[in-house]
Amino acid sequence: MLGLMQSHKLMLSSVIRHAARQHGHSEVVSFMSDGSVHRATYVELERRCRRLARVMQTLKVGFGDRVGTLAWNDYRHFELYYGVSGTGAILNTVNVRLAPEDVAYIINHAQSKVLFVDPSLVPLLRGIANEVAATVRDVVVMSDKPVELGLPAGMRVHCYEDLIAAADESYVWPEFDEESGSVLTYTSGTTGRPKGVLYSHRASLLQSYAVNSADVFGLRAVDRILPCASMYHATAWTLPYSVPMVGASLILPGRFLDGPSLYRMIESERVTFAFGVPTIWTGFLDHLKSAGGKLSTLKRVLSGGSAITRQLVETFREYGVRVEHAWGMTECGPVTAYNAPVAATKDLQGDALLEVMLRQGRPFFGSDIKIVDENGVELPRDGKAFGALLARGAYMTRQYYRQGEEGAADPDNWFATGDVATIDENGFVQLVDRTKDLIKSGGEWISSIALEDIASSHPAVAEAAVIAAAHSKWVERPLLLVVLRDQADADSAALLEHFKGKVANWWIPDQVVFVPQLPHTAVGKLNKRELRTQYGEHYNAGTE
Ligand code: ADP
């Protein structure tokens, strides 16, 4: 017998409708790529989203068709999240920091006939125009005024505001199958060609509910949220949905993610909670320290995407800000685990507390995880045994987009994350490494994450990376690459001495290479693949 409750499909459009009706005065502030600042309420934006839905009809975008974006975090990109997905079409957000050939690959692979582009990214589009000319039919420049682009004939060019002005507001948000695709986002290709992950209305809506619980983001209507995670990658960790869902205000930083710009935004817009990868926070704190600034409203910072360091936690603490640690990946919707205390950890202090904060967190409702050995046998949750980390749940991908029939997950829906981890008795995951970044020295594993954490706690170190370098005797040995802080002075011996007593002696890197900067991926993580190519033969090359 079915229950006798109303049946409403889980549609993402219901979020913006709710925000407009219930939190109409909360605002979305955008730092636009031309340097201007734009402010709008959810009431105003929801109206424009309905107009945009009409624009989809004008541009002949049908149910399930893909619409691409080359855009930053601003209100027009936010409108596209609803104005495209709300009609049943699929928004393909393209990571604009990828190499141009990957950008072209994604647009073609997604088969986006319509492409929305920020004026500052027109040169990127121009550079790949010939490669995507057979796919893209209409280009919409996200600007107030028409712009001359010089694109191949056959690509029609439109101006965003002209299309919006010509559309009416009579669109009624439809209900359709909640498992329909909503956003198509590609992995950042740290392990080969980007792969398409197709989110559904149901998965993203459920995850947005889940992250809004108190032990995850726990957002509130009075919050002012700054997403430094980009809307072009993995739905900026659900923030375009989870923020309006509770009626909090959104501060969208555009392309300005450098320390001074973020500091100005956080102070002038009274940001209470900011989200980003550790690299962003390192740049921000460096600026804060050198400028001698204060943080008047910021209380929480979420750091995810790469491991956090104790240095990051401690420095933010000096400014009265709590760092919260999250783990996830594109294929997981993308947030899976969050580091919030449980009864057994809530009273910890000092180093014991730091140890727990550095863990990646525990899965919240809707996702499950386990670690397995090389035969797929589940390992104990004792904080010591480590193995391949698998995840499953309503927000996880089953299959990649247009990659054949083979599942991304196994027949029981377990998805292999490519991470190696421990899980402790309280359910907290600690990442030992990405499988390919682990160092195998004389048959024993060494965690590069643990060594990077120690290296970056040295006062002279601005950023550190540890990679496996081939070694004639031990097969692999850890090699430490270091960027020193401005004016700091430390030699190899001092840095290596810093590891003593913190890890087993045989974990300590054999050598240090000083570099002016370290390479990062398109989402701001250390690019270990490039480092391995460059320094993987360091010990064998006779440079010791
Ligand atoms: P890709 O780089 O393949 O696109 P994502 O951007 O989705 O992948 O990142 C997923 C990976 O990032 C995870 O598998 C994990 O290795 C790493 N990661 C995410 N969060 C954390 C974290 N808090 N600590 C350490 N590593 C993390």
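The sections below set out a description of the structure shown in this document. (Residues numbered from 1 in each chain as written. Predicted model: local features only at pLDDT ≥ 70, side-chain atom pairs only at ≥ 80, totals over all residues. Heavy atoms only, no water.)

**Re the state of the cysteines**
No. 1: All chains considered together, the criterion is met by 0 disulfides.
No. 2: Left without a disulfide partner, C49 is nearest to the cysteine sulfur of C159, which lies 17 Å away. (Disulfide = S-S within 2.5 Å.)

**Re the packing of helix α10 (residues 278-291) against helix α11 (residues 310-318)**
No. 1: Following both chains from N to C, one finds α10 and α11 inclined at 40°, their axes separated by 11 Å at the closest point. As the angle between them shows, α10 and α11 are arranged oblique. In the crossing of α10 with α11, the sense of the turn from one axis to the other is left-handed. For the pair α10 and α11, the contacting residues are W281, T282, F284, L285 and K289 in the first and Q311, L312, T315 and F316 in the second.
No. 2: For the contact of α10 with α11, the residue count by class is 5 nonpolar, 3 polar and 1 charged. (Axes fitted to C-alpha atoms, helices over the stretch in contact; angles between N-to-C directions. Helix = DSSP H or I, 4+ residues; strand = E, 2+ residues; numbered from the N terminus. Parallel < 35°, antiparallel > 145°, perpendicular 65-115°, else oblique. Left-handed = near helix turned anticlockwise from the far one by under 90°. Contact = heavy atoms within 4.5 Å. Nonpolar A, V, L, I, M, F, W, Y, C, P; charged D, E, K, R; others polar.)

**Considerations on the packing of aromatic side chains**
No. 1: What the rule picks out here adds up to 16 aromatic pairs.
No. 2: Their ring planes at 35° and their centres at 6.3 Å tell us that Y42 and F78 sit as a pair that is tilted. In this pair, Y42 sits in helix α2 (residues 42-58) while F78 sits in helix α3 (residues 75-85), placing the two residues 36 residues apart along the sequence.
No. 3: One cation-aromatic arrangement involves R193 over Y105; the distance from NZ or CZ to the ring centre is 4.3 Å.
No. 4: Over the ring of Y400 we find K195, and its NZ or CZ is 5.0 Å from the ring centre. (Phe/Tyr/Trp six-rings, centres within 6.5 Å; stacked < 30°, edge-to-face > 60°. Lys NZ or Arg CZ within 6 Å of the ring centre and 35° of its normal.)

**Quick look at the sheet that holds strand β7 (residues 156-159)**
No. 1: Taking strand neighbours across the sheet as the criterion, the 7 strands line up as β7-β6-β5-β3-β4-β8-β9 in an open arrangement whose pairing is mixed. Each edge of the open sheet carries a strand with a single partner, namely β7 and β9 (196-200). Going from strand to strand, the sheet's axes swing by 25° on average, the running direction of each strand aside.
No. 2: Docked against the sheet, helix α7 (residues 201-211) engages β8 (181-186) and β9, running at close to 70° with respect to β9. (Pairing = 2+ DSSP bridges.)

**Re the sheet that holds strand β12 (residues 273-276)**
No. 1: Strand order in this open sheet of 9 strands is β2-β1-β11-β10-β12-β13-β14-β15-β16, and the pairing throughout is mixed. Two strands lie at the open edges of the sheet, namely β2 (37-41) and β16 (362-363), each paired on one side alone.
No. 2: With 4 bridges connecting them, β12 and strand β13 (residues 300-304) associate as parallel partners. Following the sheet pairing, A274 is matched in β13 by V301.
No. 3: Where α10 meets the sheet, its contacts fall on β12 and β13, and the angle it forms with β13 comes to roughly 135°.

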